[in-house]
Amino acid sequence: MAVNLIIPPESEIHPVNGVEIGIAEAGIRKANHKDLTVFRLAEGSTVAGVFTRNRFRAAPVQLCESHLASGQAIRALVINTGNANAGTGAAGMQVARQTCDTAAALLSLQPEQVLPFSTGVILEPLPLDRLLAALPAAIDNLKAANWLQAAHSIMTTDTQPKVSSQRVQIGNETVTITGISKGAGMIRPNMATMLGFMATDAAIPAGLLADMARRIADRSFNRITVDGDTSTNDSFIIMATGRSGLSVDSASSPHYQALYQALEAAALELAQKIVRDAEGATKFMTIQVSDATNAEEALQVAYAVAHSPLVKTAFYASDPNLGRILAAIGYAGIADLDVSRVSLWLGDVLVASQGQRHPGYREEDGQRVMKEAEIPMRIALGRGQVSETVYTCDFSHDYVSINADYRS
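Calculation notes
- Residues numbered from 1 in each chain as written.
- Predicted model: local features only at pLDDT ≥ 70, side-chain atom pairs only at ≥ 80, totals over all residues.
- Heavy atoms only, no water.
- Pairing = 2+ DSSP bridges.
- Helix = DSSP H or I, 4+ residues; strand = E, 2+ residues; numbered from the N terminus.
- Axes fitted to C-alpha atoms, helices over the stretch in contact; angles between N-to-C directions.
- Contact = heavy atoms within 4.5 Å.
- Phe/Tyr/Trp six-rings, centres within 6.5 Å; stacked < 30°, edge-to-face > 60°.
- Buried < 20%, exposed > 50% of the residue type's maximum accessible area, 1.4 Å probe, protein only.
- Lys NZ or Arg CZ within 6 Å of the ring centre and 35° of its normal.

Any chance you could explain the sheet that holds strand E3 (residues 46-51) here in plain terms?
Pairing between sheet strands relies on hydrogen bonds along the backbone, with the strands arranged either parallel or antiparallel. The five strands lie next to each other as E3-E9-E8-E7-E6, forming an open sheet whose pairing is mixed. Each edge of the sheet is formed by a strand with only one pairing partner; in this case those strands are E3 and strand E6 (162-170). Taking the axes of each pair of neighbouring strands and ignoring which way they run, one obtains an average angle of 10° across the sheet. As paired strands, E6 and strand E7 (residues 173-182) are joined by nine bridges and run antiparallel to one another. Among the inter-strand pairings, Gln166 is bridged to a residue of E7, identified as Ile177. Relative to the sheet, helix H1 (residues 59-69) contacts E3 and strand E9 (235-240), its axis offset from that of E3 by approximately 140°. Running over the sheet, helix H6 (residues 256-276) touches E6, E7, strand E8 (195-200) and E9 and is turned about 165° from E6.

Here it is, written out as structure tokens:
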């Protein structure tokens, strides 16, 4: 069951002027399942993306990168679930190309104006005939208000759709930001088995949008981890249609910072929802590492703790075996770490200070915090002024069961 994941009512999911979405059943992996999604963008829109760093990145990821680099104006996205089209060699690339070719022909576009996305099982051929046969139905279904349906359509092992939508006042203009994401397992920074699609009706030039997308991904989707596995298909896309009255031309524009902060907040909400709906998760954990000399070492420590199976299973059991956290801090890779300066808080409970159990710490206090669904943790390294935060979850029996039966 998802941990405090809020699905906004459809009446509070705001369409973005210049974006239409269509859904269809392609039967790619399961019958009677909406598994094909098409986005159509208005002329003049700009698009930017951030993708997985996995060297086995899937054919659609490679083609997305190529089409974005071509300089053509992106006008459509095609997303399928059930099959990742990864580890499929030249044949997989041809499938991705044919998907773009067919969608472009149906939408009166050039193939380079279409971005393909796939998610699902790796190392299996994508049934192209089913995908292409369903494309006309998805295009016939194009509507501005299909965001929630799209959030359902892109799900794989997710149990809940993930949507963020807001209208914000920036200067004299009302700006809409709406997005969806999917992901539940094989989640780790440097992007993860996740897809994220976010749109705004602000006008942002392509080069500036690309810079914003990288920065936003680094502060949101690259700050979550479920199991430490980086997928082959991860993609985060921001679309700016320019249909509102707000235009931001550069980082020095008067309203740039307000727009950037609103987009980052929406992306962080979508990223955190992935962790809240992680496979088998029962706890949502926030790990803040403070007093570091730089961001790199703060994140080293945060991820060492977040990735530890021993830590994650202890939190699932609400077992205050918190020496496991100290062990993870110690093996995080900071060679000159002075453990006598390290402190650890669990919620409002000071567990360790000066590198050892705090004299006032009681195990029942630690267990009280661990029984909560939302668990904040703070680790102070005593080395500097830098702080970084990572979001993760526990490991339950269901995580094993879900991944053991994933293809059945």
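Even after reading the chapter, I still don't get the packing of aromatic side chains, so can you show me in this structure?
Given two aromatic rings, their pairing is described by the distance between the two centres and the angle made by the two planes. Taken as a whole, this structure holds six aromatic pairs when the rule is applied. Judged by centre distance (5.0 Å) and plane angle (85°), the rings of Phe117 and Phe197 are edge-to-face. Taken together, the positions of Phe117 in strand E5 (residues 114-121) and Phe197 in strand E8 put the pair 80 residues apart, joining distant regions of the chain. Its relative accessible area of 2% is what places Phe117 among the buried residues. Where Phe221 meets Phe236, the ring centres are 4.8 Å apart and the plane angle is 50°; that geometry is what we call tilted. Taken as a pair, Phe221 in the loop between helix H5 (206-219) and E9 and Phe236 in strand E9 lie far apart in primary sequence, 15 residues in all. Here the two residues Phe221 and Phe236 agree in accessibility, since each one is buried. Above the face of the Tyr260 ring, Arg215 is positioned so that its terminal group lies 4.3 Å from the ring centre.

Function cannot be inferred from these measures alone, as they are strictly geometric.
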